[in-house]
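Here is how the chains run, residue by residue.
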Amino acid sequence: MSEDDVGHAHGMHVVRDGPREAPPLLLIHGSGASGASWGPMVPVLARHHLIRVDLPGCGKSPPARSYDVPGQAGRVAALLDDLGLGPVLAAGHSSGGYVATALAERRPDLVRSLALISTGPSLDALLPQPLILRAMLGPPLGRLIWSRRPEAWIRKGIMATAARPVDVPDDLVAEVQGTTYRAFRMVMRENTAYINERSVPERLADLEVPVLAIVGAADPRWDPESARRYEAVPNVRVESLPDVGHLPIIEVPEETGELLLAFAAAGRDTPSL
């Protein structure tokens, strides 16, 4: 990867992969993660021009004054404007799907289609979290141990959301370790505010773009049955992955990537809804 493929813009660390003349695919990570979480997907999606961002306060991006979801979408929009890209397929994993959705709300001219992967539709679909995550993420213990977390704990925390053994990328572990507790809690608070204001299916119903929702049938974070709320939206197609947890992009990157590729190809052949 050349120096031109990595940079900072609008308060975000940005990594670009694949041929620049190929169709653009924007990849947005979930809460407290980074663009490195998409690493296992990069070889599968290599035919596309991939744009991976570290949202403010996450990964290699510096902290920000505000982490509200529409504001983060605004930063991403400014990046796409600078790169002269759009409309793109915007894919978000977990809460990254909120930023992708907000991008389509804020700048519909920049979004051809949306892919939401393990994105919870509303707060009432959230399941009781695994004990290790409650200990590491929640107050008061989380605040005390956050900066002292060994890599092994971070790996266990990530693996706790999977339904099968996974190989957690080393660069993802390192970048998660660098995220501050304050930034993480503020990101979580703003994500909650976004879906409390209006659920994701309600927001999607107002958008004129095709949407692919990929859910793990064994997701321990979000009730898999809540995917039915997406099915009720006319422009949304739901794909459920058996025996997959919250991390399809790491658990089954090939299968998840093929779903994205097929969706992207269909979007190029068919006018937007």
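As a reminder, the structure under discussion sits directly above these lines.
Residues numbered from 1 in each chain as written. Predicted model: local features only at pLDDT ≥ 70, side-chain atom pairs only at ≥ 80, totals over all residues. Heavy atoms only, no water.

Q: Any chance you could explain unusual backbone geometry here in plain terms?
A: Most peptide bonds take the trans form, and the phi angle of most residues other than glycine is negative. That bond from G86 to P87 is cis: its omega, 0 degrees, falls within 30 degrees of zero. Even without glycine at this site, H10 takes up a positive phi of about 55 degrees. Structurally, H10 is set in the loop between strand 1 (6-9) and strand 2 (12-17). Given a relative accessible area of 34%, H10 falls into the partly exposed group. Although it is not a glycine, S118 sits at a positive phi angle of roughly 55 degrees. (Helix = DSSP H or I, 4+ residues; strand = E, 2+ residues; numbered from the N terminus. Buried < 20%, exposed > 50% of the residue type's maximum accessible area, 1.4 Å probe, protein only.)

Q: When you look at the nonpolar core in this model, what are you seeing that I'm missing?
A: It is characteristic of soluble globular proteins that their nonpolar side chains tend to be buried jointly. Formed by 42 residues in total, the largest nonpolar core has its most connected members in L26, V53, L103, L114 and L204. Once you skip the residues sitting within four places of it in the chain, L103 turns out to touch L26, A73, V76, A77, L80, A90, P108, L110 and V111. (Core = buried A, V, L, I, M, F, W, Y, C linked by side-chain atoms within 4.5 Å. Contact = heavy atoms within 4.5 Å.)

Q: I'm lost on the packing of helix 5 (residues 151-159) against helix 6 (residues 170-178) in this one. Help?
A: The description of two helices packed together rests on the angle between their axes and the distance between the axes. One way to put it is that helix 5 packs onto helix 6 with a least axis distance of 10 Å and a crossing angle of 105 degrees. When the axes of helix 5 and helix 6 are compared, the pair comes out roughly perpendicular. Together, E151, I154, R155 and I158 of helix 5 and D170, L172, V173, V176 and Q177 of helix 6 make up the contact between the two elements. For the contact of helix 5 with helix 6, a count of residues per class yields five nonpolar, one polar and three charged. (Axes fitted to C-alpha atoms, helices over the stretch in contact; angles between N-to-C directions. Parallel < 35°, antiparallel > 145°, perpendicular 65-115°, else oblique. Nonpolar A, V, L, I, M, F, W, Y, C, P; charged D, E, K, R; others polar.)

Q: Explain the packing of aromatic side chains here, please?
A: Remark: the centre distance and the inter-plane angle together describe each pair of aromatic rings, the angle taken between the planes. On inspection of all chains with the given rule, the structure shows one aromatic pair. Judged by centre distance (6.0 Å) and plane angle (40 degrees), the rings of Y98 and Y194 are tilted. In this pair, Y98 sits in helix 2 (residues 96-106) while Y194 sits in helix 7 (residues 181-197), placing the two residues 96 residues apart along the sequence. Residue classification places Y98 among the buried residues on the basis of a relative accessible area of 3%. (Phe/Tyr/Trp six-rings, centres within 6.5 Å; stacked < 30°, edge-to-face > 60°.)

Q: Could you clarify how one ought to interpret the pattern of salt bridges in this entry?
A: Pairing between side chains of opposite charge can happen when the charged atoms of each approach one another. Enumeration over the complete set of coordinates arrives at eleven salt bridges. Where R203 meets E105, a salt bridge forms, and the shortest distance between an N and an O atom there is 3.0 Å. Here R203, found in helix 8 (residues 200-205), pairs with E105, found in helix 2; they are 98 residues apart in sequence, far enough to count as distant. A relative accessible area of 29% means that E105 is categorised as partly exposed. The salt bridge involving E197 is made with R203; its shortest N-O contact spans 3.2 Å. (Salt bridge = Lys/Arg side-chain N within 4 Å of Asp/Glu carboxyl O.)

Q: What is the right way to read the sheet that holds strand 7 (residues 211-216) from this model?
A: Strands pair in a sheet through their backbones, by hydrogen bonds, and they do so in one of two ways: parallel or antiparallel. Spatial strand order, 1-2-4-3-5-6-7-8: eight strands in an open sheet with mixed pairing. Since the sheet does not close on itself, it has two edges, and those belong to strand 1 and strand 8 (236-241), each with one partner. In this sheet, adjacent strand axes meet at a mean angle of 20 degrees when their direction is disregarded. As paired strands, strand 5 (residues 88-93) and strand 6 (residues 111-117) are joined by six bridges and run parallel to one another. Residue V88 lies in a different strand from strand 6, and its bridge partner there is V111. Across the face of the sheet, helix 1 (residues 69-83) comes into contact with strand 1, strand 2, strand 3 (24-28), strand 4 (49-54) and strand 5 while running at roughly 45 degrees to strand 2. (Pairing = 2+ DSSP bridges.)

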